[in-house]
Amino acid sequence: MTADIRTGAPVRPVPAPEKAPAPRRRPRPGRFGVHIFLMGVSLAFLAPLLLAVYASLRPYQETAQNGYFSFPKHLSFEYYRRAYSESGMGKYFTNTLLIAVPAVLVTLFLASFVAFAVSRLKLRGGLVLLMFFTAGNLLPQQVIVTPLYVLFNRIPLPWWMSDSLTMYDSYWAVIIVNIGFQMGFCVFVLANFMRTLPQEILEAAIVDGAGVWTQFWRITLPLCRPALAALGTLEFTWIYNDFLWALIFISNPDKLPITSSLNNLRGQFFTDYNLLAAGSVLVALPTILVFLLLQRHFVAGLTLGSTKG
């Protein structure tokens with residue numbers, strides 16, 4: 001409580017007027033419908049995975065007697081231990097990483113060069129070049145299986161690169177084919193992403209004396225980090241799950257990727273599908289881990305890194 005300067009009498013402070021609460025917005029009926037639709041679509045996509053996880057935790061005898069949609073009596077991780085040991089997944093995981101990691105890195109590296117040249121540099125025939133790379137995605141893979149098989153058997157390699165002394169039956173064959181087929185999609189996505197970047201940033205760099213390499217490596221490429229992260233996740237998933245090229249170009253069973261290990265869990269006369277479900281969940285874990293590691297880059301700002309240095 002304060003006092004009046006002239007009279008000395010105490011003066012009560014006037015309370016500030018209370019703000020009226022903001023009126024609540026009533027939810028529109030259409031939003032409920034959208035949410036219900038999205039939840040239904042999400043559940044439809046997750047249902048097979050959830051069913052596989054549920055089946056992998058139950059004994060096969062229980063599901064054979066009561067059905068897969070019955071309440072469980074016993075839950076354990078025994079099938080996961082058996083799936084990992086009986087299929088030899090440790091060796092196949094290593095083989096898959098030796099194929100997928102170099103293929104993804106080289107694909108993104110080369111695709112970023114082409115996309116920068118097509119979208120940011122004034123090249124003659126740049127649109128035709130982009131159409132050429134995009135048209136490669138329309139070519140069915142099965143069409144060139146036989147020519148590539150014959151070609152890889154005739155390309156010699158030194159002993160330290162291939163045990164067969166040819167491109168066939170080596171990781172190089174699968175890596176090169178994956179790079180060739182994934183380049184078109186990556187170039188298309190990165191070129192369209194680079195076209196949305198502000199042109200003023202490159203113009204300012206050119207005024208400061210930046211060359212083409214500086215414009216690409218220190219300015220454009222950091223801005224493309226969200227697109228590169230999204231493409232890296234997709235490319236790793238596609239190459240990791242590839243089964244066709246490894247089956248055709250690799251004959252040594254010890255070099256096959258992880259997708260081939262699931263075949264080791266199938267018996268000649270009987271297949272335990274709960275054990276197979278556990279193996280499928282283990283195979284899917286690396287792709288889920290890659291997505292969790294890179295998901296924060298999906299929503300990164302468009303000008304990420306443009307104000308650094």
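Small disclaimer: the values here were computed from a predicted structure and weren't measured. (Residues numbered from 1 in each chain as written. Predicted model: local features only at pLDDT ≥ 70, side-chain atom pairs only at ≥ 80, totals over all residues. Heavy atoms only, no water.)

## Remarks on the confidence of the model for the chain
In this model, the chain carries a mean pLDDT of 83, and residues with pLDDT of at least 70 account for 85%. Residue range residues 301–309 is modelled with pLDDT below 50. Its contacts to residues more than four positions away, or to other chains, number eleven contacts. (pLDDT = per-residue confidence, 0-100. Contact = heavy atoms within 4.5 Å.)

## Considerations on the side chain of aspartate 272
Among the structural elements, aspartate 272 can be located in the loop between helix 11 (244–249) and helix 12 (273–294). For the buried residue aspartate 272, which engages in no salt bridge, the nearest side chain bearing the opposite charge is arginine 82, 4.5 Å off. Ignoring sequence-local partners within four residues, the contact set of aspartate 272 consists of Tyr60 and Tyr79. (Helix = DSSP H or I, 4+ residues; strand = E, 2+ residues; numbered from the N terminus. Buried < 20%, exposed > 50% of the residue type's maximum accessible area, 1.4 Å probe, protein only. Lys, Arg positive; Asp, Glu negative; His and termini not counted. Salt bridge = Lys/Arg side-chain N within 4 Å of Asp/Glu carboxyl O.)

## As for the side chain of glutamate 235
Mapping glutamate 235 onto the fold places it in helix 10 (residues 225–240). What glutamate 235 contacts, discounting residues up to four positions off in sequence, is Val104, Gln182, Phe185 and Cys186.

## Side note on helix 9 (residues 212–223)
Over its twelve residues, helix 9 extends 16 Å from the first C-alpha to the last, a length consistent with the 16 Å expected when each residue adds 1.5 Å. Buried residues of helix 9: Gln215, Phe216, Ile219, Thr220, Leu221, Pro222 and Leu223, and no others. Along its buried surface, helix 9 packs onto helix 4 (89–119), helix 7 (171–195), helix 8 (199–207) and helix 10. (Expected span 1.5 Å × (residues − 1).)

## Things to note about the environment of alanine 284
In this structure, alanine 284 sits in helix 12. Look at alanine 284 and you get partly exposed, because its relative accessible area is 24%. With 44 residues separating them along the chain, alanine 284 and tyrosine 240 place their C-alpha atoms 9.4 Å apart.

## Regarding the packing of helix 4 against helix 10
In contact at an axis separation of 9 Å, helix 4 and helix 10 are set at 140° when each is read in the N-to-C sense. What the angle tells us is that helix 4 and helix 10 run oblique. Of the two elements, helix 4 crosses helix 10, and the hand of that crossing is right-handed. For the pair helix 4 and helix 10, the contacting residues are Phe93, Thr96, Leu97, Ile99, Ala100, Ala103, Val104 and Leu108 in the first and Leu228, Leu231, Gly232, Glu235, Phe236, Ile239 and Tyr240 in the second. Counted by class, the contact of helix 4 with helix 10 contains twelve nonpolar, two polar and one charged residues. (Axes fitted to C-alpha atoms, helices over the stretch in contact; angles between N-to-C directions. Parallel < 35°, antiparallel > 145°, perpendicular 65-115°, else oblique. Left-handed = near helix turned anticlockwise from the far one by under 90°. Nonpolar A, V, L, I, M, F, W, Y, C, P; charged D, E, K, R; others polar.)

## A word on the nonpolar core
Among the nonpolar cores identified, the biggest contains 64 residues, and Phe152, Trp245 and Phe249 are the most heavily contacted of them. With 13 residues, helix 4 is the largest single contributor of residues to this core. Among residues more than four places away in sequence, those in contact with phenylalanine 152 are Thr166, Met167, Tyr168, Ala173, Val177 and Phe249. (Core = buried A, V, L, I, M, F, W, Y, C linked by side-chain atoms within 4.5 Å.)

## Quick word on the environment of asparagine 263
Inspection of the secondary structure assignment puts asparagine 263 in the loop between helix 11 and helix 12. Measuring from C-alpha to C-alpha, the distance between asparagine 263 and serine 87 comes to 8.1 Å, with 176 residues separating the pair along the chain.

## Some words on unusual backbone geometry
A positive phi angle is found at leucine 165, which is not glycine, with a value near 65°. Even without being glycine, aspartate 169 reaches a positive phi, approximately 60°. One can find aspartate 169 in the loop between helix 6 (145–154) and helix 7. Taking the relative accessible area as the measure of exposure, aspartate 169 reaches 11% and is therefore buried.

## Looking at the pattern of salt bridges
A full pass over the atoms with the stated rule returns five salt bridges. The partner of glutamate 62 in a salt bridge is arginine 58, with the nearest N and O atoms 2.9 Å apart. Per residue, the accessibility class of glutamate 62 equals that of arginine 58, and both read buried. The shortest N-O distance in the salt bridge between lysine 255 and aspartate 163 comes to 3.6 Å.

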